[in-house]
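# Architecture at a glance
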Amino acid sequence: RFTGVRVIITSERSISLHRSRLTYWSERLTWRLSSAIVTNTHAGRDVLLREGRVPPDRLVVIYNGIDLSVYSPGSPRQRQVYRESHGVDQRTMLVVLPGRIVAEKNHECLVRAIARMGHNPPIKALFVGQEIDKRLGADLRALAGTLGVSDRIIFAGPSGDMASVYAAADVVVLPSVSEALPNVIIEAMACEKVVVA
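## Brief notes about the pairing of strand β1 (residues 9-12)
Only one face of β1 is buried, namely the one carrying Thr10 and Glu12, since none of Ile9 and Ser11 on the opposite face is buried. Where β1 meets strand β2 (residues 36-39), 4 bridges bridge the pair, whose relative direction is parallel. In the sheet register, Ile9 faces β2, and the bridge partner there is Ala36.

Right, dumping it as structure tokens:
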């Protein structure tokens, strides 16, 4: 507004008003200067109304959308190729956690769950996402070693072909401690996968 911009539209996708004071006040200032604020859930809208004290006439809910020509049930060949590229045979249950490696995604929960499940049926977890927090990645690998499941946890890194990841999965898990409306859940459901979140 100070530079003459007449309309400012901002977006709040992962609302957490309990971060640092600097972040909170920066966001409050941004909201005050915004002509419209887009959220992707009604719950997010409600948080902004209640805790952020944003006027209701500035809030717009636009749901996340996905391309159903990309995210649809995969082919058996797609499933086989992706699994083979990560050393997973067709008999093994593959549990996929699609999400960057950061504390809020709670990868530790899945490592511990895999350890508790034993070997029958054979099961592996595939972590697909950028390792943002390198220290956490190292801690997760150490935990997997301590629990004796290093051979059942695969750190695949980021993927440019999530449709193939979903095709390979038996179950998609997102044990996050904080989320708004995760695209990965919508994508996995469009691919007709069981989702545990």
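## Details of helix α5 (residues 134-146)
For α5, spanning 13 residues, the distance from its first C-alpha to its last is 18 Å, which sits close to the expected 18 Å at 1.5 Å a residue. Within α5, the full set of buried residues consists of Leu136, Gly137, Leu140, Leu143 and Ala144. End-on, the buried residues of α5 take up no more than an arc of 125°, which puts them together on one face. Facing away from the buried side of α5 by more than 90 degrees, the exposed set consists of Lys134, Arg135 and Thr146. Between the side-chain oxygen of the N-cap and the backbone nitrogen of Arg135 there are 3.2 Å, and the N-cap of α5 in question is Asp133. One or two residues past the end of α5 sits Gly148, with phi positive at roughly 75°.

## Details of the pattern of salt bridges
Tallied over the full model, the rule gives 6 salt bridges. Arg79 serves as the salt-bridge partner of Asp170, at 2.9 Å between the closest nitrogen and oxygen. One end of the pair, Asp170, is in the loop between α6 (162-168) and β7 (171-173); the other, Arg79, is in helix α3 (residues 76-85), and 91 residues separate them in sequence. In this structure Asp170 comes out as partly exposed when scored by relative accessible area, which is 25%. Linking Glu108 and Arg112 is a salt bridge whose minimum nitrogen-to-oxygen distance equals 2.8 Å. You can see Glu108 and its partner Arg112 sitting in helix α4 (residues 107-117), 4 residues apart, about one turn around the helix. Counted as one network, the salt bridges with shared partners bring together Arg79, Arg83 and Asp170.

Reading the values: the criteria
Residues numbered from 1 in each chain as written. Predicted model: local features only at pLDDT ≥ 70, side-chain atom pairs only at ≥ 80, totals over all residues. Heavy atoms only, no water. Buried < 20%, exposed > 50% of the residue type's maximum accessible area, 1.4 Å probe, protein only. Helix = DSSP H or I, 4+ residues; strand = E, 2+ residues; numbered from the N terminus. Pairing = 2+ DSSP bridges. Expected span 1.5 Å × (residues − 1). Arc of directions from axis to C-beta. Polar contact = N/O pair within 3.5 Å; in protein donor to acceptor, adjacent residues only side chain to side chain. Salt bridge = Lys/Arg side-chain N within 4 Å of Asp/Glu carboxyl O.

Keep in mind these values describe shape, not function.
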